[in-house]
Each structure stands twice: as structure tokens, then as C-alpha cells.
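What follows is the residue order along each chain.
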Amino acid sequence: MDITRSSPAPVRVVAVPPEPEPADLTALPEPIAVEPLQTLPTTATTATATTTATTNAPTTTATTTDVRGRRSRPRPRDLLALLRPGQWVKNLAVVPLALLDTHPWGTAAFLRTGWAVLGFTLASALVYVVNDLADRDRDRLHPVKRHRPIASGRVSTLAAFVLTGALALALAGWAVAGPAWQWWPTALYLALSLAYSQGLKHVPLVDAFIVATGFVLRLVQGALLIGAQMSEWLALCVFSLCLMLALGKRRHEMTAAGRAHRPALRGYTLAFLDHLVVLVAVLTAVSYVLYLRDDASLAAGASLVTLLSAPCAVFGLARYLQLLLVEEGGGNPVHVLFRDRATLVNAALWAVLVALALLLPQASA
């Protein structure tokens, strides 16, 4: 019985040393090259195959990770995503509002409006890059913003700084090529945005008011380049509308990621934001109606059209409040306003009514 129990011991000793055998075979490559492969033991071939497979597998993964980590040139798609082209629609939606008080419309007015859109597009893109550079560490803690190009590492900080310099040069060229001293709204917007990125975004209420002021400066820039007189009621309507969207975005961030991501959220509560959003929505509706009554360049026969456009504006505000408070949306106002079917249909109807009210004076003339 002792012999049978001790007999497996040499078998275990023999089974342990398959590791030095492949080492001897690989150290003597000449016999392997001369002799056919059938003469080699199966255990040796399997051992060499497994060793080569195990040695090759980690090297390939290491090389791929090294290549990704050492990538010095970001992809053009990542650089374009850093400029946030999806947010450029804000310039198209606000700057052309200056055309509402311009009659008749001509090629020069449209070209100057396009020039204003270009300037604010460059300025906003520059602000986005600077803001992402400043918030790259904080964005990595956010469930959505951690996928941004700088926070995720797809764009290095050096490439972001180079892009910032290129945008600054392009914006300076835009200011020099345009009319003299009519670029001050864009410069003021850039100064406020840089101050916002450097610390004012951490101050409750001030952060949202700066964002809304930037949209009013877009309106001022468009009216200044066209030569139109800007309506105070229209400026108040744009300011209150954009303030409502900024407050709604902060409410969504608080419900989605808490207060740790944005320090300014410590000065808000959900109830406080709900009251503010409703208050600003009422101010938006009242200022819009007063603009139509007092300052809009409409014909006398267009009163019925303007009366019908007011419910469309109120419905749009109510729909946004429904998406924000009931459906817990509002994280990206651009997506909310341009992807919701009810909002799109209401906006199309409102645009038709406003276009009719604007074209009636020309038709009667």
C-alpha cells in the first residue's frame, strides 16, 4: 500500500519540469530547423505554442495601449467636437432677431447678420475650449461630461492650447476686417465668458445671469451691424428666456449628478429653482407681448396675427416647463427645443404667423 501511494510522487516530479524543456529547444534552434516537426514531442510543441501564444498576447495589447497613450495628434472629429458645433444654433436663433426691426430686407442686411453670426461662433467656440480646459478634472467626475474630448484624453492639453490660439487669431482677424468699433458686444461677451470660466461660474445666480447676458449681447451685435434700433422689450424677452433655460439646465444637473459636480449648485435647491424658472417664464411671456404691442414693426392689419402668435409663445414656454418639471429633462436646451415634436410644430406655426405679420406691410405697400 505504501508503494502505490508513493508511486504518484515521481509522476508529479516529472510533470513539473515541462518549463525548462521548451527553453532548451528554443536555445538550440538548429536541430529544430533540420529535423521534421513530426519528430518533436507533442508536449513540447504544445508547450512552445502556449508559451508563444501567452507571450505574444500581452505584447499586442501593450502595444495597442501604448499607441493610444502616445497618440500626439488628435483626430479632426475630436477637435470639432471640442468646438461643440451642436451649440452654434444658438447664434442662428438669437442674432437674426435683429432682422425683425429691419425693413426692407436686403442682401446687405443678411450679409452683416451672417458676419455677426460668424464672430459669435468663433467667440463661443473659444470659450468652450477654455472652459473645457479649466474644467477637465471636474468633468471626469460627471457621468456625461467625462466623455468630452479633453476630459476623456482624446485631445491633449497641448493640442487644446494650440486650438485656443488659432481661434483667438481668427477672432482678431474678424474684428479687424469688420466695421470699426462695432465689435464691442463680442469683446464684452468674450470678457464675461472668460471671467465666468475663471471663477464666476461658481457663484450662485451670477453664473446663470452671465449666460443669459451673453445672448443679449448676441442680439446687440446683430442690431449694431445692421444699423437697426434694438427694442428694450425684445432684449428683456431674450434675456428672460435664456435665463429660464440656464436655470433649467442647472436644475437638471442637480437631479442627475447632484451638487458635487458644479460648486454653484450648492446655492440652489430644487424648490428654489422651480420658483425661479416659473417666475422667469412669466416675465418672458409678458415682455414678448409688450414687444409685439409697442415696438414690433408690424402693420396695423397684422394685429390679429400677432394676437394668434402670443398663445404659441405661451405654449412653447409651458411645454418646456413640462419637459423640465414633469419629464425631468432640460439637460441640453438645444436638444429639448429642437428634438421635441410638439415644440417643433408649435415653433413652425409661430414662425409662419410672425412671417405673415412682417410681410403684410410690404404686401400692402
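What you see is a predicted model; the values in this text were computed from it and never measured.

About the thresholds
- Residues numbered from 1 in each chain as written.
- Predicted model: local features only at pLDDT ≥ 70, side-chain atom pairs only at ≥ 80, totals over all residues.
- Heavy atoms only, no water.
- Helix = DSSP H or I, 4+ residues; strand = E, 2+ residues; numbered from the N terminus.
- Polar contact = N/O pair within 3.5 Å; in protein donor to acceptor, adjacent residues only side chain to side chain.
- Contact = heavy atoms within 4.5 Å.
- Buried < 20%, exposed > 50% of the residue type's maximum accessible area, 1.4 Å probe, protein only.
- Salt bridge = Lys/Arg side-chain N within 4 Å of Asp/Glu carboxyl O.
- Axes fitted to C-alpha atoms, helices over the stretch in contact; angles between N-to-C directions.
- Parallel < 35°, antiparallel > 145°, perpendicular 65-115°, else oblique.
- Left-handed = near helix turned anticlockwise from the far one by under 90°.
- Nonpolar A, V, L, I, M, F, W, Y, C, P; charged D, E, K, R; others polar.
- Phe/Tyr/Trp six-rings, centres within 6.5 Å; stacked < 30°, edge-to-face > 60°.
- Core = buried A, V, L, I, M, F, W, Y, C linked by side-chain atoms within 4.5 Å.
- Patch = residues over 30% accessible without salt bridge, like charges linked within 9 Å, V, L, I, M, F, W, Y side chains within 5 Å.
- Areas by Shrake-Rupley, 256 points an atom, 1.4 Å probe, with all protein chains shown as cover.
- pLDDT = per-residue confidence, 0-100.

Another aspect to go through is the side chain of Asp-207. Structurally, Asp-207 is set in helix α13 (residues 206–226). Separated by 3.1 Å, the side chain of Asp-207 and the backbone nitrogen of Leu-205 make a polar contact. When neighbours within four sequence positions are excluded, Asp-207 is seen to be in contact with Tyr-196, Leu-200, Lys-201, Arg-250, Arg-262, Ala-264 and Tyr-268.

Attention now moves to the environment of Gly-222. Relative to the elements of secondary structure, Gly-222 occurs in helix α13. Overall, the relative accessible area of 0% leaves Gly-222 in the buried class. Between the alpha carbons of Gly-222 and Trp-115 there is a distance of 8.7 Å; along the sequence they are 107 residues apart.

A word on the pattern of salt bridges. Within the structure shown, the criterion is met by 13 salt bridges. The salt bridge involving Asp-132 is made with Arg-148; its shortest N-O contact spans 3.2 Å. One end of the pair, Asp-132, is in helix α8 (residues 107–134); the other, Arg-148, is in the loop between α9 (136–139) and α10 (149–152), and 16 residues separate them in sequence. The pair Asp-132 / Arg-148 is uniform in exposure class, with both members buried.

At a minimum axis distance of 9 Å, the contact between α8 and helix α11 (residues 157–177) shows a crossing angle of 155°. It follows from the interaxial angle that α8 and α11 lie roughly antiparallel. The hand of the α8/α11 crossing is left-handed. Of the residues in α11, those in contact with Trp-115, Ala-116, Leu-118, Gly-119, Leu-122, Ala-123, Ala-125, Leu-126, Val-129, Val-130 and Leu-133 of α8 are Thr-157, Ala-160, Phe-161, Leu-163, Thr-164, Leu-167, Ala-168, Ala-170, Leu-171, Trp-174 and Ala-177. Residue composition of the contact of α8 with α11, by class: 19 nonpolar, three polar and no charged.

Quick look at the packing of aromatic side chains now. Under the definition given, this model contains five aromatic pairs. The interplanar angle of 20° and the centroid separation of 6.0 Å between the aromatic rings of Trp-115 and Trp-174 together place this pair among those described as stacked. Of this pair, Trp-115 sits in helix α8 while Trp-174 sits in helix α11, and the two are 59 residues apart along the sequence. Judged by its relative accessible area of 29%, Trp-115 falls in the partly exposed class. Note on Trp-174: relative accessible area 6%, which makes it buried. A centroid spacing of 5.1 Å and a plane angle of 55° characterise the contact between Phe-120 and Tyr-189, whose relative ring orientation is tilted. Note that Phe-120 is positioned in helix α8 and Tyr-189 in helix α12 (residues 184–198), a separation of 69 residues in sequence. With respect to class, Phe-120 is no different from Tyr-189; both count as buried.

Moving on, we come to the packing of α8 against α13. The N-to-C vectors of α8 and α13 enclose an angle of 145°; their axes lie 8 Å apart at closest approach. For the crossing formed where α8 meets α13, the hand is right-handed. In this structure, α8 uses Ala-109, Arg-112, Thr-113, Trp-115, Ala-116, Phe-120 and Ser-124 to contact α13, whose residues at the interface are Gly-214, Leu-217, Arg-218, Gln-221, Gly-222, Leu-225 and Ile-226. Taken together, the residues of the contact of α8 with α13 break down into seven nonpolar, five polar and two charged.

On to unusual backbone geometry, then. Outside of glycine, negative phi angles account for most residues, and trans bonds account for most peptide bonds. At Arg-84, a position not held by glycine, the phi torsion is positive, near 55°. Mapping Arg-84 onto the fold places it in the loop between α6 (76–82) and α7 (89–94). The phi dihedral of Leu-205 is positive, around 70°, even though this residue is not glycine. Structurally, Leu-205 is set in the loop between α12 and α13.

The next thing to look at is the environment of His-252. Secondary-structure assignment places His-252 in helix α14 (residues 232–257). Here the alpha-carbon distance between His-252 and Leu-325, two residues 73 residues apart in the chain, equals 9.2 Å.

The next thing to look at is the nonpolar core. In this structure, Val-238, Leu-243, Met-244, Leu-247 and Tyr-268 are the most contacted members of the largest nonpolar core, which totals 38 residues. At the level of elements, α13, α14, α15 (270–295) and α16 (303–326) are the ones that each hand at least two residues to this core. When residues of this core are assigned to their parent elements, the largest contribution, twelve residues, is made by α14. Counting residues in hydrophobic clusters, the runner-up holds 23 residues, among them Leu-82, Leu-133, Val-155 and Leu-167.

This part is about a nonpolar patch on the surface. On the surface, a nonpolar cluster with roughly 180 Å² of combined accessible area is contributed by Leu-200, Val-203 and Val-206. Relative to the assigned elements, Leu-200 resides in the loop between α12 and α13. What makes Leu-200 partly exposed here is its relative accessible area of 32%.

Here we come to the side chain of Thr-186. In this structure, Thr-186 sits in helix α12. Given the relative accessible area of 2%, Thr-186 is considered buried.

Attention now goes to the confidence of the model for the protein chain. On average, the protein chain scores 76 in pLDDT, and the residues at 70 or more come to 71%. The secondary-structure element of the protein chain with the lowest mean pLDDT is helix α5 (residues 42–69), recorded at 40, while α11 shows the highest, at 92. Taken together, the stretch residues 1–71 has pLDDT below 50 and engages in five contacts with residues farther than four places along the chain or on a different chain.

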